[in-house]
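# Descriptive analysis of the structure
The chain contents come next:
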Amino acid sequence: MAFDLLKLGDDTVSRALKLGASAAESFLVSDRELSIEVANQEVETMKVAESAGLGMRVFKDGRMGFAYTADLSKTGLDFVAAQAMENAKRSAVDEHNVLPEPVGNYTSLDLFDPEIDKTPVETKISLAKEIERQARQYDKRVTITERCAYQDSTYRVAIVNSHGISEEYKGAYCGAYSFLVAEENDEQQTGFGMQYRLKYNQLNPKEVGHEGAEKAVRMLGAKEISTQRATVVLDPYVATNFLGVIAPALSAESVQKGKSLFAGKVGQAVGARLLTIIDDGAMKGGVISAPMDGEGVPAGKTVLIDKGDLQGFLHNTYTAAKDGVASTGNGTRGSFKGTPEIGTTNFYIAPGETPRDKLLAEIDKGLYITEVMGMHTANPISGDFSVGASGLWIENGKFTHPVRGVAIAGNVMDLLKSIDCIGSDMTFFVGKGSPTVRIARMTISGA
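About the thresholds
- Residues numbered from 1 in each chain as written.
- Predicted model: local features only at pLDDT ≥ 70, side-chain atom pairs only at ≥ 80, totals over all residues.
- Heavy atoms only, no water.
- Pairing = 2+ DSSP bridges.
- Helix = DSSP H or I, 4+ residues; strand = E, 2+ residues; numbered from the N terminus.
- Phe/Tyr/Trp six-rings, centres within 6.5 Å; stacked < 30°, edge-to-face > 60°.
- Lys NZ or Arg CZ within 6 Å of the ring centre and 35° of its normal.
- Contact = heavy atoms within 4.5 Å.
- UniProt positions renumbered as here; feature names shortened; annotations may be inferred.
- Axes fitted to C-alpha atoms, helices over the stretch in contact; angles between N-to-C directions.
- Patch = residues over 30% accessible without salt bridge, like charges linked within 9 Å, V, L, I, M, F, W, Y side chains within 5 Å.
- Areas by Shrake-Rupley, 256 points an atom, 1.4 Å probe, with all protein chains shown as cover.
- Salt bridge = Lys/Arg side-chain N within 4 Å of Asp/Glu carboxyl O.
- Buried < 20%, exposed > 50% of the residue type's maximum accessible area, 1.4 Å probe, protein only.
- Expected span 1.5 Å × (residues − 1).
- Arc of directions from axis to C-beta.
- Parallel < 35°, antiparallel > 145°, perpendicular 65-115°, else oblique.
- Left-handed = near helix turned anticlockwise from the far one by under 90°.
- Nonpolar A, V, L, I, M, F, W, Y, C, P; charged D, E, K, R; others polar.

If you check an unreviewed UniProt entry, the chain appears there as TldD/PmbA family protein from Metallumcola ferriviriculae.

This paragraph deals with the pairing of strand 2 (residues 42–60). Strand direction decides the pairing type here: strand 1 (residues 23–39) and strand 2, joined by 17 bridges, are antiparallel. Opposite Ser-35, over in strand 2, you have Lys-47 as the bridge partner. Two successive antiparallel strands, strand 1 and strand 2, enclose a turn made up of 2 residues, where Asn-40 displays a positive phi of approximately 55 degrees. In the sheet, strand 2 pairs with strand 3 (residues 63–69) via 7 bridges, with the strands oriented antiparallel. Among the inter-strand pairings, Phe-59 is bridged to a residue of strand 3, identified as Met-64. Between strand 2 and strand 3, which follow one another and run antiparallel, lie 2 residues, and Asp-61 among them has a positive phi close to 55 degrees.

Next up on the list: the packing of aromatic side chains. If you walk through the whole model with that rule in mind, you get 12 aromatic pairs. The rings of Tyr-177, Phe-179, Phe-192, Tyr-237 and Phe-429 are connected pair by pair, giving a single aromatic cluster. A cation over an aromatic ring shows up here: Arg-333 above the ring of Phe-27, its NZ or CZ 4.4 Å from the ring centre.

Our next topic: the environment of Leu-28. For Leu-28, the location among the structural elements is in strand 1. Each C-alpha atom, one on Leu-28 and one on Asn-316, is 18 Å from the other, the two residues being 288 residues apart in sequence. Apart from the residues lying within four places of it in its own chain, the contact partners of Leu-28 are Leu-5, Leu-8, Gly-9, Gly-53, Leu-54, Arg-156, Val-157 and Ala-158.

This chain's UniProt record puts "domain: Metalloprotease TldD/E central" (unreviewed entry) on residues 116–220. Helix makes up 32% of residues 116–220 and strand 48%, and the two end C-alpha atoms of the span are 37 Å apart.

If you walk across this open sheet you meet the 6 strands as 3-2-1-4-5-6, and the pairing is antiparallel. This sheet does not close on itself; its edge strands, each paired only once, are strand 3 and strand 6 (187–197). If you compare each strand with its neighbour and ignore which way they point, the axes differ by 20 degrees on average. Both strand 4 (residues 142–161) and strand 5 (residues 166–184) contribute to a ladder of 17 bridges, which runs antiparallel.

A contiguous nonpolar surface patch, about 220 Å² in accessible area, is contributed by Val-43, Met-46 and Val-121. By secondary structure assignment, the location of Met-46 is in strand 2.

Turning our attention to unusual backbone geometry. The phi torsion of most residues other than glycine is negative, and most of the peptide bonds are trans. Not every positive phi belongs to a glycine, and Asp-61 is a case in point at roughly 55 degrees. Note on placement: Asp-61 falls in the loop between strand 2 and strand 3. Judged by relative accessible area, which is 60%, Asp-61 ranks as exposed. A positive phi angle is found at Asn-185, which is not glycine, with a value near 50 degrees. Counting through the fold element by element, Asn-185 comes out in the loop between strand 5 and strand 6.

The next thing to look at is helix 1 (residues 5–18). Taking 1.5 Å per residue, 14 residues should reach 20 Å; helix 1 reaches 20 Å between its end C-alpha atoms and fits that length. Residues of helix 1 that are buried include every one of Leu-5, Leu-8, Gly-9, Thr-12, Val-13, Arg-15 and Ala-16, and no others. Down the axis of helix 1, the sector holding all buried residues measures 155 degrees, keeping them to one side. Gly-20 sits one or two residues past helix 1 and shows a positive phi near 115 degrees.

For the rest of this paragraph, the subject is the packing of helix 4 (residues 121–138) against helix 5 (residues 205–217). With their axes 7 Å apart at the nearest point, helix 4 and helix 5 run at an angle of 45 degrees to one another. Judged by the inter-axis angle, helix 4 sits oblique to helix 5. Considering the relative orientation of helix 4 and helix 5, their crossing is right-handed. Side by side, helix 4 and helix 5 meet where Leu-127, Glu-130, Ile-131, Gln-134, Ala-135 and Tyr-138 of the first sit next to Pro-205, Lys-206, Val-208, Gly-209, His-210, Ala-213 and Glu-214 of the second. For the contact of helix 4 with helix 5, a count of residues per class yields 7 nonpolar, 3 polar and 3 charged.

Right, here's the structure in full:
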């Protein structure tokens, strides 16, 4: 963590320019991660990992070359600049291979909580154990701990390019989760609880333990139901699963390659009037927030669907150049080992004004879906999906019994247009967030 990232980045860009690059960019990351897993009040695993490295993009004659290294010595930086130049010779010419220019100021964000670093490991182990204690105390039917865990990460990111961008920021986040099993009458059900925060003191082990326990216990005694059409309510976690299907289709790259169900629909209604979907890379308190994206473009708020109408797509610098528009600051990078891809940041369905209890109280008969299985099989190009589901049956506005072994199928576009109420209970699961979402009617395939 003691590297002068900006100096290393500047030195490497200079090396590439001396080798003949017309433009060059250094992307540097230095990070430290801690993971603690606990079961039966014993630490099962504890891992600490530190890494640092530099990814370099060079541009020459319309070609782009990329290379990376974890060796930040002079030898390593000489190698990565030379290797990126060699790789550029073998890539195809593309006029849209460009780097961003410096633009404006970056949003000031409070991303680093020193308490995450200062808090002793023993205290973090105790937090993970407390999650398990709270879960077991919540209900005696919680008998198995798959794992209760604490995680944190502290990091520094720097970007330097030959157009004048030279920026660095640091941040940290922490998280806790529980995966639990409840047993009764030879039946087992699982549940999980999860919190990820920017501030250590915002983690609440009691809430994480109780959430996991409640979700496991409430599914005990689950029954099958017959096939029928009824109101369907998506738990916030399930709604974010659907956001995971929608996200790739809102990437400009997918549109440009003809692989998006939203292609050609800007300005058209693609959802109910209640629906607004936003990506906000600079959202205050967001675990994924940062002042800039992986290319140095300021992160910000992009309204993708506004009151049901498609507004546009997420761009990095490459796709923006191709479409003749500005980047939305969504050139994301998982590490220094890759080039900027288009990705979501804090991606969410905007909350409505209806409290969850009122949203449920208006239902005569329906299914509150708490889990879906097989969402990865949904087709982001056509929008078709068919997934297994479980949840809680609703009658006269009240939960009556748990339900298992059902399936829901359809098309994402039809699903978005069928939303008839959005709750006010916004919940984030790391980078995706949603309130409770009610679908007017769907076919639920049961026994």
